[in-house]
Structure formats: structure tokens, C-alpha cells
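Structural characterization, general
These are the residues of each chain, in order.
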Amino acid sequence: MKRIAGLLCVAAVLAVAGTAFAQTDLSVFPIGTTKMVYKLRTEDMTQPMPLELSVTVHGDGTYTVRMVTEGTGTEDELGSFGFIGGMTSVSASGQDVSYTSLQALMDQRNRLQEGQEYLLPGGGAFTNIVGATIAGVWCLQGTLVDPDNADIRTTVAFALSKPVYISPLIRVEELRSGQWVETFSLELVEYTLSGS
């Protein structure tokens, strides 16, 4: 059951990567190829999975977006992994997850300040905001608190210094027996620009 919930989180993040977590419009990327490499983990994966995303700006008004991933694991781990068919809904642990409230924060990320707390529509909050450098990208990261799901917290980083297509950090933790357990993470580990 935990493995299935974790895989649903993976599918959810990738499903919303082009919507809620697309932090920058393609037009903001510089001419050349921006390569972003992420490590994706669920609590039941034996090894993290790399996810490479590149955005190429050709200069003639066209773009190329490329996503490559690979997985190593047991037949059970890989057989249930839903990159192809599982990217149509946003669901984790059997509940719908909405990141629309984060979209407003993302749109206003340049106005966010460390140490502040921002109330979100529906009664949630974005708290514990700190500055962090992730793979050479300066970010503000904080914790999404949802009063309807007090046993789940999500840490999200918003890139400020360089354009990224997917958030530099998304971490989901679940409260179990009084301890926070990481069930999913997607973290930027490499960022390069070439051919500009």
C-alpha cells in the first residue's frame, strides 16, 4: 500500500509538472540548452531515479523540451511505475491533491520573504520560509501546511535566480507514530546552460 501511494505521488508530481510546478514560462529561458537533472525518490524505491529535463531555446521562436528518465529496481518496483499511463490525475494516498493555491505563491515568488508565513485559500499556509541554494539555483523554500491533512506536509522550493521548469525541491512527508517519514522527494541535483 505504501509503495502504491508513493508511486501515485510520483505520477502526481509529473502530471502537474507542466501546470502547477512549471515555475517559468519557456520564453524566460536563455538561448541555448538549459539542462536540469533531478533525483526522484519514494520510500519504497531501492535506488533514486534520475529525471533529466532540458529546455532548448532556438532563437527563432521555437523550443525543444526533452525529458529522460530511467529506473533500476525489482520487477515489482518497476512494474507498478506509472510514467506512461499514470500521469492523468493528481492523487496521493487515495486523496486528491490540489496545488492551485501554490500557483499564486509561485506567480508572486519574487515578493516572498524569508521568515514570513503566507495564508492560502482554503485555510492552508506556506510557512518556515528560508533561503537555500539547490544545485546552484537560489531559492526560497517553505512548508505547505494543510489543516485538512495535518499528518502530511509538503516542502516546496521556488527558484529565484535561474529559470527552472520543475520546482527545485518537492518533498512529501507523512506523520507516522509521532515521526515525520519522507514518502516522496524530487530534488534538483544539476543545473547547466550550454550553447548560449
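Since this is a predicted model, take the numbers as computed values, not measurements.

Things to note about the overall build of the protein
Along its length, the protein carries 3 helices and 11 strands. The helix and strand sequence of the protein, counted from the amino end, reads α-β-β-β-α-β-β-α-β-β-β-β-β-β. Split into buried and exposed, the 196 residues of the protein put 42% on the buried side. Put simply, of all contacts in the protein between residues at least 6 apart along the chain, 52% involve residues at least 24 apart. Here the protein has roughly 10,000 Å² of accessible surface; of this, 49% comes from carbon and sulfur atoms.

Some details on the sheet that holds strand E10 (residues 169-176)
Sheet architecture is open: 9 strands sit in the order E3-E2-E1-E11-E10-E9-E8-E7-E6, paired in antiparallel fashion. Every other strand in the sheet has two partners, leaving strand E3 (63-69) and strand E6 (118-119) as the edge strands with one partner each. Bridge analysis of strand E1 (residues 32-42) against strand E2 (residues 49-57) gives 9 bridges, and the strand direction is antiparallel. In the strand pairing of E2, Val37 is matched with Glu52.

Here we look at the pattern of salt bridges
Applying the stated rule across the entire model yields 6 salt bridges. In this structure, the salt-bridge partner of Lys35 is Glu190, at a minimum N-O distance of 3.6 Å. Here Lys35, found in strand E1, pairs with Glu190, found in strand E11 (residues 179-194); they are 155 residues apart in sequence, far enough to count as distant. Through salt bridges with shared partners, a single ionic network connects Glu43, Glu174 and Arg176.

Some points on the environment of Val172
With respect to the secondary-structure elements, Val172 resides in strand E10. When its relative accessible area of 9% is taken as the criterion, Val172 is described as buried. Once the C-alpha coordinates of Val172 and Val156 are considered, the two residues, 16 residues apart in sequence, prove to be 8.9 Å apart. In contact with Val172, not counting residues within four places along its chain, are Ile152, Arg153, Thr154, Val181, Glu182, Thr183 and Phe184.

Some points on the side chain of Thr127
Relative to the helices and strands, Thr127 is located in strand E7 (residues 125-134). Among all residues touching Thr127, those that are not within four sequence positions of it are Gln116, Glu117, Gly142, Thr143 and Val145.

Digging into the pairing of E2
Most of E2 sits inside the fold, with 7 of its 9 residues counted as buried. Linking two consecutive strands that pair antiparallel, namely E2 and E3, is a turn of 5 residues; a positive phi of about 90° is found at Gly59 within it.

Some remarks on unusual backbone geometry
For Asn128, which is not glycine, the phi torsion reads 55° and is therefore positive. Its location among the elements puts Asn128 in strand E7. With phi around 50°, Ser177 is a residue other than glycine that occupies positive phi space. Within the element layout of this structure, Ser177 appears in the loop between E10 and E11.

How each quantity is defined
Residue numbers here run from 1 along each chain, matching the order of that chain's written sequence. Selection of residues for local features in this predicted model requires a pLDDT of at least 70, selection of side-chain atom pairs for listing and counting requires 80 or more, and totals for whole chains, interfaces and linings are taken over all residues. With hydrogens and water excluded, all non-hydrogen atoms of the structure serve as input to the side-chain values. Secondary structure elements are taken from DSSP: a helix is a run of H or I of four residues or more, a strand is a run of E of two residues or more, and numbering for both begins at the N terminus. For every residue, the accessible area (1.4 Å probe, protein chains only) is compared with the maximum for its type, and the residue is labelled buried under 20%, exposed over 50%, or partly exposed between those bounds. Should any heavy atoms of two residues lie within 4.5 Å, those residues are counted as being in contact. Only the protein chains shown count as cover for residues, with accessible areas throughout obtained via the Shrake-Rupley method and a probe of 1.4 Å. Each pair of strands is called paired provided DSSP finds at least two bridges between the two strands. When a carboxyl oxygen of Asp or Glu lies within 4 Å of a side-chain nitrogen of Lys or Arg, that pair is called a salt bridge.

These values are about where atoms sit, not about what they do.
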